[in-house]
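Topology and contacts: notes
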Amino acid sequence: MKALLLRLEPLIWLLFGQGILIGTILLTGWLLVVGVLLPLGIVGTGADEALSYRRIYLLASTPVGRLVILALVALPLWKGAHHIRHLFIDHGGADHDAPIALSLYAIATAGSLAAIVAVIRL
Amino acid sequence: MSLGTKKFVITRFDPDRDTEPRTEEYEIPVQSDWKVLDAINFIKDEIDGSLSYRWSCRMAVCGSCGMMVNGEPKLTCKTALSSYGDSLTIEPLANFPTIRDLVVEMDGFMDKFQKVKPWIIQAKERAVEEGPQHQSPEDLQAFKQFSMCINCMLCYSACPVVATDPEFLGPAAIALGHRYNMDSRDEGADERNAVFRGEGTIFSCSYANECSEVCPKNVDPAGAVNQAKFNAVVDWASSFVVKREKE
Amino acid sequence: MSRAAHPDAMSPAEPGRTRTAPPQKPASWPSHPRMRVYTLFGWTGVLYLLIGFGLLETAWSLGQGEVVWDAKLASFSHPAYVAFHLLCLVSVVFVAVRFFRLFPKSQPARIGPAKPPPRPVILAGLYAVWLGVTALFVAILSGAIFS
């Protein structure tokens, strides 16, 4: 298990690094919209409004839109999994690192695969 | 000029007599220009000759006098007493086993150093007739900062990963390995990157940046470790494209 | 609270001749301001995992039709969801600021012939991209562009 983890570390770190970089950059705009503008009623989901199903579906189903959604879902998952793993290590879990890490990365992998399916479905 | 008196609470540990470390308090007159090491030397010279600790150059180049001062790793020859209040707590370097009093076991540190092969690796030894190997100022800048390490081990005391992961290579060792990887004379990057990606993997570093915060020589080991991660990923990716000898 | 570090932390391959006291973590942890920031940075991982799965659910609902989509977005106005999103927003900004501060020095001096830009340029570039992409995202999602 440890050997497998060591072989995957460079890839995991790359995904985690992009999770912080690209994921964070993309998340800010999304959170501003759904966390501030939407509850305040500045944007809405009505038929002629910015977040209407028709409009968002059109935007999301473009190649760029699908890629952005994929990045928005998958990259934060890798950042999250990696940091939670480090929380375990920092709190005395180093001796059980391999199974904890592989479980967390399996969760991130499952979420990423589900994201791929979700954007293909659009 | 006298600064009055200060109290020093110092960790003591004699493996022949103590089951675990204890503390002793010393109240001594101090001078305004003293460093912490001056106070410790005064205690040993005038009050308690049994106090054990490492020190040497008194000018922050030998790396011997690292200790915890009020919970933070410091070179005691470089740390002014006037920065502190009436009471100081002096402990051996954190995250290391303690041999006696303020003297820590360094062999674990030396073991990690050896693993990163901290020497110029060349496929063929250069003949004398070939003359010196020239490097431009730019070549030098690529690694010079990381060659300034004095092996004081403060970074190991500051690192949260060192505290919890015994196999992690640690800041200074990785910085030194990176120093050689970035040296234009060296041809051993493949070997070192295999070490970096193996047991004690550099990817355990969580970029707390504490090592760079405490480094007395501005080596910036955190920068080195994270540059090394980047290089190791490039090396890993290129290993799928370029066939090389089995690691 | 125990200050014990891992019992094998920095232990040598060959044991020494005398008994050693076990390694201790620094006394200044975890209350030291820098360590608090570092610990918080790690804990944002929990929020990122949650927001990632939340976004997965939202993307999934987009593929399930208008009714599901409208319901999903309506749920975002629930106070709990608003609080969650705002907490995530604060976390994301915190992560960005700390990460951008540390990112420039993590670029090697060169990879082969390629050299990175000077560190202040990298830092300015990161903030420019962050603010620019955020503005673009908000403009598109709010209908200011592609209405």
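All of the points below concern the structure found in this document. Remember, predicted model here, so these are calculated numbers, not experimental data.

1. Here's the deal with the overall build of chain C
Along its length, chain C carries 4 helices and 0 strands. Dimensions of chain C, computed from the C-alpha atoms along their principal axes, are close to 75 × 45 × 30 Å. Buried residues in chain C amount to 42% of all 147 residues. Pairs at least 24 residues apart make up 40% of the contacts formed inside chain C by residues separated by at least 6 positions. Total accessible area on chain C stands at roughly 7,700 Å², and carbon and sulfur atoms take up 71% of it. Put simply, chain C has 13 plus and 5 minus side-chain charges, and the middle of one group is 24 Å from the middle of the other.

2. Let's talk about the interface of chain A and chain C
In this assembly, 53 residues from chain A lie in contact with 55 residues from chain C. Of the roughly 4,800 Å² buried at the junction of chain A and chain C (both faces included), carbon and sulfur atoms supply 79%. Among the residues chain A hides against chain C, the three largest losses belong to I25, W30 and Y53 of chain A. Together they make up 14% of the total. Viewed at the interface, chain C and chain A are joined by 0 salt bridges. Applying the counting rule to chain A against chain C returns 10 residue pairs in polar contact (both at pLDDT 80 or more). Mapped onto the side of chain A that touches chain C, the elements with two or more residues apiece are α1 (2–37), α2 (53–60), α3 (63–93) and α4 (97–121) of chain A. The biggest single contributor to the side of chain A that touches chain C is α1 of chain A, with 18 residues. Across the side of chain A that touches chain C, the residue classes tally to 37 nonpolar, 11 polar and 5 charged.

3. Observations regarding the interface of chain C and chain B
Contact residues are listed per partner, giving 37 residues for chain C and 52 residues for chain B. Buried area between chain C and chain B, both sides added, is near 3,600 Å², and the carbon and sulfur share of it is 55%. If you sort the residues of chain C by the area they bury against chain B, M10, R19 and R110 of chain C come out on top, with a joint share of 21%. In this structure, the connection of chain C to chain B is made through 5 salt bridges. Where chain C meets chain B, there are 19 residue pairs in polar contact (both at pLDDT 80 or more). Put simply, the parts of the chain that give the side of chain C that touches chain B at least two residues each are α1 (33–62) and α3 (79–102) of chain C. Looking at the side of chain C that touches chain B residue by residue, the class counts come to 16 nonpolar, 10 polar and 11 charged.

4. Digging into helix α2 (residues 107–115) of chain B
Residues spaced three or four apart along an α-helix point in a common direction, a consequence of the helix completing one turn every 3.6 residues. Residues and elements named next belong to chain B. Regarding α2, the residues found buried are G108, F109, K112 and F113. Taken around the axis of α2, the buried residues stretch over an arc of 145°, which confines them to a single face. On its buried side, α2 packs onto α4 (154–158) and α6 (171–181). Directly beyond the C-terminal end of α2, a positive phi value near 50° is found at K117.

5. Concerning the pairing of strand β3 (residues 66–69) of chain B
Residue and element names in this part refer to chain B. Residue alternation in β3 divides its side chains into two sets, G66 and M68 and M67 and V69, and both sets are buried. Two elements, β3 and strand β4 (residues 72–75), share 4 bridges in a ladder whose sense is antiparallel. What sits directly across from M67, in β4, is K74. Between β3 and β4, which pair antiparallel and follow one another directly, the connecting turn spans 2 residues, one of which, N70, has a positive phi of 50°.

6. Structural notes on the environment of C88 of chain C
With respect to the helices and strands, the residue C88 of chain C is situated in helix α3. Between the C-alpha atoms of C88 of chain C and L123 of chain C, which are 35 residues apart in sequence, the distance is 23 Å. Sequence-distant contacts of C88 of chain C, that is, excluding residues within four places in its chain, are made with L31 of chain A together with L47 and I51 of chain C.

7. Brief notes about the packing of α4 of chain A against α1 of chain C
Any two packed helices are characterised by the angle at which their axes cross and by the distance between the axes. One can describe the packing of α4 of chain A onto α1 of chain C by two numbers: an axis separation of 9 Å at closest approach and a directional angle of 20°. Overall, the two elements α4 of chain A and α1 of chain C adopt an arrangement that is roughly parallel. Crossing angle aside, the handedness with which α4 of chain A passes α1 of chain C is left-handed. Counted together, I107, G111, A114, A115, V117, A118 and R121 of chain A of α4 of chain A and F53, L56, A59 and W60 of chain C of α1 of chain C form the full contact between these two elements. Its residues placed into classes, the contact of α4 of chain A with α1 of chain C shows 9 nonpolar, 1 polar and 1 charged.

8. Overview of α2 of chain A
By the burial criterion, the buried members of α2 of chain A are Y53, R55, I56 and A60 of chain A. Buried residues of α2 of chain A, seen end-on, are gathered within an arc of 165° and therefore sit on one face of the element.

9. Concerning the packing of α3 of chain C against helix α4 (residues 119–141) of chain C
Residues and elements named next belong to chain C. Where α3 contacts α4, the two axes come as close as 9 Å, and the packing angle between them is 155°. As judged from the angle between their axes, α3 and α4 are roughly antiparallel. Crossing geometry of α3 relative to α4 is assigned as right-handed. Residue-level contacts link V93, A96, V97, F100 and R101 of α3 to L123, L126, Y127 and W130 of α4. Class assignment for the residues of the contact of α3 with α4 results in 8 nonpolar, no polar and 1 charged.

10. Description of the sheet that holds β3 of chain B
Residues and elements named next belong to chain B. Read from one edge of the open sheet, 5 strands run β2-β1-β5-β3-β4, paired in mixed fashion. One side of each edge strand has no neighbouring strand; the edge strands of this open sheet are β2 (22–31) and β4. In this sheet, neighbouring strand axes are inclined to one another by 35° on average, regardless of whether the strands run parallel or antiparallel. Bridge count between β3 and strand β5 (residues 87–91): 2 bridges; the pairing is antiparallel. Each bridged residue has a counterpart across the sheet, and for V69 the counterpart in β5 is I90. Against the sheet, helix α1 (residues 36–47) contacts β1 (2–12), β2, β3 and β5, and its axis sits at roughly 105° relative to β2.

Parameters at a glance
- Residues numbered from 1 in each chain as written.
- Chains lettered and ligands numbered in written order.
- Predicted model: local features only at pLDDT ≥ 70, side-chain atom pairs only at ≥ 80, totals over all residues.
- Heavy atoms only, no water.
- Helix = DSSP H or I, 4+ residues; strand = E, 2+ residues; numbered from the N terminus.
- Buried < 20%, exposed > 50% of the residue type's maximum accessible area, 1.4 Å probe, protein only.
- Contact = heavy atoms within 4.5 Å.
- Areas by Shrake-Rupley, 256 points an atom, 1.4 Å probe, with all protein chains shown as cover.
- Lys, Arg positive; Asp, Glu negative; His and termini not counted.
- Charge placed at Lys NZ, Arg CZ, Asp CG, Glu CD.
- Buried area = accessible area lost by both parts, 1.4 Å probe.
- Salt bridge = Lys/Arg side-chain N within 4 Å of Asp/Glu carboxyl O.
- Polar contact = N/O pair within 3.5 Å; in protein donor to acceptor, adjacent residues only side chain to side chain.
- Nonpolar A, V, L, I, M, F, W, Y, C, P; charged D, E, K, R; others polar.
- Arc of directions from axis to C-beta.
- Pairing = 2+ DSSP bridges.
- Axes fitted to C-alpha atoms, helices over the stretch in contact; angles between N-to-C directions.
- Parallel < 35°, antiparallel > 145°, perpendicular 65-115°, else oblique.
- Left-handed = near helix turned anticlockwise from the far one by under 90°.

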